[in-house]
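Reading the structure
As a plain string of letters, each chain reads:
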Amino acid sequence: QVQLVESGGGLVQPGGSLRLSCAASGSIFSINFAGWYRQAPGKQRELVAAMSGAGSTNYPDSVKGRFSISRGNAKNPVYLEMNSLKPEDTAVYYCYVVPSNGGDGYWGQGTQVTVSS
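Below you will find a few notes about this structure. Just so we're clear, the structure is a prediction, and the values are computed from it rather than from any experiment. (Residues numbered from 1 in each chain as written. Predicted model: local features only at pLDDT ≥ 70, side-chain atom pairs only at ≥ 80, totals over all residues. Heavy atoms only, no water.)

A few points about the sheet that holds strand β7 (residues 67-71)
Formally: Paired strands, in this sense, are two strands between which DSSP finds at least two bridges. The way it works is that DSSP assigns letters per residue, a run of H or I at least four long becomes a helix, a run of E at least two long becomes a strand, and they are numbered from the N terminus. Axis definition: a line fitted to C-alpha atoms, over the contacting stretch in the case of helices. Angles run 0 to 180 degrees between N-to-C directions.
Reading across the sheet, the four strands line up as β1-β3-β8-β7 and stay open at both edges, with antiparallel pairing between neighbours. Among the strands making up the open sheet, the edge pair consists of β1 (4-7) and β7. Ignoring strand direction, the axes of neighbouring strands in this sheet form an average angle of 15 degrees. Direction of pairing for β7 relative to strand β8 (residues 78-82): antiparallel, over a ladder of five bridges. The partner of Ser70 across the bridge, within β8, is Tyr79.

Structure (structure tokens):
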């Protein structure tokens, strides 16, 4: 069973940037899907960045042009670059990876991102 651990969250001023990492306890050599989700207090978890196994990406309008998902290596399978952060981006961010060797996907435990002056 692979465990994922996010890092890189924290407190940042509006307009700032953060880069989130997703580290795997095992090795994930190829993926069917990778995504970053966020959940703000009192709201449902939402997808903010997605990447297919072929490398195509997709973003909701709320983050398009500001967030960028990228593929890493087997131990750090996916990253999220976040620029021009806004207070409404404040949430706990989770990575989710579906390996291409089958089985269910893996969730991380989340990392807090707070955008405030």
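Here's the deal with the pattern of salt bridges
The test is simple: Only one rule defines a salt bridge in this text: a Lys or Arg side-chain nitrogen within 4 Å of an Asp or Glu carboxyl oxygen. Using a 1.4 Å probe on the protein chains alone, a residue whose accessible area is under 20% of its type maximum counts as buried, one over 50% counts as exposed, and one in between counts as partly exposed.
Inspection of the entire model under this criterion finds five salt bridges. Salt-bridge contacts for Asp89 lead to Arg38; the nearest nitrogen and oxygen are separated by 2.9 Å. Pair noted here: Asp89 is in the loop between β8 and β9 (91-99) and Arg38 is in strand β4 (residues 31-39), with a separation of 51 residues, a long-range link. Of the residues examined, Asp89 reaches a relative accessible area of 1% and is grouped as buried. Across the pair Asp89 and Arg66 runs a salt bridge whose closest N-O atoms are separated by 2.8 Å. Residue Asp89 is located in the loop between β8 and β9, and its partner Arg66 is located in the loop between β6 (57-58) and β7; the two are separated by 23 residues in the primary sequence. Accessibility classification places Asp89 together with Arg66 in one group, the buried group. Counted as one network, the salt bridges with shared partners bring together Arg38, Glu46, Arg66 and Asp89.

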